[in-house]
Amino acid sequence: MLWSLIKIIAFVVAVTALTFGATMLMDVEGGATIGVAGKEITLSTLEMVFALVALAVTVWLGLKFLAFLVAAFKFLNGDETAISRYFDRNRERKGYEALSEGMMALASGEGHLAMTKATRADKYLKQPQLTNLLTAQAAEMTGDRRKAEETYKKLLQDDRTRFVGVRGIMKQKLSEGDTETAFALAQKAFALKPKHEETQDVLLRLQADKADWAGARQTLGAKLKSGYLPRDVHKRRDAVLALSEAREILDEGKTIEAREAAVEANRLSPDLIPAAIMAARSYIADGNARYATRVLTKTWNAQPHPDIATAFAEIVPDENPEQRIKRFRTLTKSTAEHPETKMLLAELHIAAEDFPAAKRALGDLNEKEPTARSLTLMAAIERGEGAEDSVVRGWLTRALTAPRGPQWICDNCQHIHPKWAPTCGNCGSFDTLSWKNAPTEEVAMPSGTEMLPLIVGRDTPKELPTEIAITDADVVEPEK
């Protein structure tokens, strides 16, 4: 409101000033006479002022017209002028409109429309770094893989778009199953942008598939530095890679290096069962039973596992069953109520032919958490105590349909593995295998009950019923 009032006052003052000036000029005596072609024109002072203003405007218009003629000549000659810039801005506006419409079409899933708009945008903009990516993605959407690859290759020619081109071709090769080329492209993309999270994940997976454990550890370190991986997760996965590297070194016959790598893997993640077992066996090979015992006990307390018990038995392979029971108390004293501990102690007592103690060790496990293994152990105990065949067959019949118990299961796809591996053999996920019960238990159908002698050592007493054969004819219901 105030600004409008100021403008009105300024306008009134200006009109007043002009009127006053014109009045003053009219009162001034004198004038000027102009002679042109024998004619004279007499002008008053006020008329002279208006004539000067008109002359100035005429000269200004003449100069502008002359500049226009020069610009028109330059335009026709191909030089940049205001006219050419006007047309350029018009083309640029149309190009960006086409580019925007193409991106919207791509987001809407209209691949052919996006391709058309990309062609139009390229025609007007002449900026391939903007339009080639849209063209490539539209070609992928329409299934024109050849066109997409050609466009991605064009992006390789510009430093600003080289990474996008490499990444696009890499994804195409992955979808085609060409992992060799994809691996080389992933390494190139990682070199261009080492902090790109998707590239890190792809490269890490390909390195794990190709058993490039040293390279995978470097990539994992880059993920940690980039902030994409928590430190505890990095430590665990680095241990998995170190364990895998140790296994490969061991296969190459480099025993000392393998032992060092195994110990390093166990140091990084003490609860990683395969790493603990390998480290313990390296200590056993060095004659260091105390360190082997410490490693296995620590891992057993974190998660009891049959393989840990097997490695623990290897520390003193030639001890008798009674000595073994006594030594295993070091391993089991902290996990007395765990099902794995109960079954382990039952096996040890069966090996010592102390069947009542074996039954006490199992406790109520077969009522609360029955598994094929615990039920088979109960069948062995009944056979050792001299029970009738019908009773033994009854336990074995239950074992046939009982849950398998904990297994190596992928957390990502729930695929069951017979043994631990760094990557899932089904979905390819890295470090997703956990020792746990299957979500949907499958029926256990063992060909025989060879489940006892994991811990009993090399020599099993001949009179111990370590194997209870079962055939289809033996599967009957237990007598009531």
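Residues numbered from 1 in each chain as written. Predicted model: local features only at pLDDT ≥ 70, side-chain atom pairs only at ≥ 80, totals over all residues. Heavy atoms only, no water.

**Quick word on helix α14 (residues 289–302)**
At step 1: Taking 1.5 Å of rise per residue, 14 residues should cover 20 Å, and α14 covers 20 Å from first to last C-alpha, within 8% of that figure.
At step 2: Turning to α14, its buried residues number three or more, namely A292, V295, L296, T297, T299 and W300. (Helix = DSSP H or I, 4+ residues; strand = E, 2+ residues; numbered from the N terminus. Expected span 1.5 Å × (residues − 1). Buried < 20%, exposed > 50% of the residue type's maximum accessible area, 1.4 Å probe, protein only.)

**As for the pairing of strand β5 (residues 433–436)**
At step 1: Because side chains alternate across β5, one face comprises the buried residues L433 and W435, and the other comprises S434 and K436, none of which is buried.
At step 2: Here strand β3 (residues 407–410) pairs with β5 via four bridges, running antiparallel. Of the residues in β5, the one forming a bridge with C410 is L433. (Pairing = 2+ DSSP bridges.)

**Description of helix α10 (residues 213–226)**
At step 1: For α10, with 14 residues, the first-to-last C-alpha span of 20 Å sits near the 20 Å given by 1.5 Å per residue.
At step 2: For α10, the full list of buried residues reads W213, G215, A216, T219, L220, G221, A222, K223 and L224.
At step 3: Phi for G227, located one or two positions after α10, is positive at around 85°.

**Details of the confidence of the model for the protein**
At step 1: Per-residue confidence for the protein gives a mean pLDDT of 81, with 83% of residues at or over 70.
At step 2: Between the elements of the protein, mean pLDDT differs from a low of 67, seen in strand β1 (residues 31–36), to a high of 94, seen in helix α17 (residues 339–351).
At step 3: Low confidence marks residues 442–480, where pLDDT is under 50. Its contacts with residues over four positions away, or in another chain, come to 74 contacts. (pLDDT = per-residue confidence, 0-100. Contact = heavy atoms within 4.5 Å.)

**Things to note about the packing of aromatic side chains**
The way to describe two aromatic rings as a pair is by their centre distance and the angle between their planes.
At step 1: Within this structure, the stated rule accounts for three aromatic pairs.
At step 2: Between Y283 and Y291 the ring centres are 5.4 Å apart and the planes differ by 85°, which places this aromatic pair in the edge-to-face class.
At step 3: Judged by relative accessible area, Y283 falls into the buried class, the value being 16%.
At step 4: Assessed through its relative accessible area of 32%, Y291 is described here as partly exposed.
At step 5: Note that K123 overlies the ring of Y124, its terminal NZ or CZ placed 5.6 Å from the centroid. (Phe/Tyr/Trp six-rings, centres within 6.5 Å; stacked < 30°, edge-to-face > 60°. Lys NZ or Arg CZ within 6 Å of the ring centre and 35° of its normal.)

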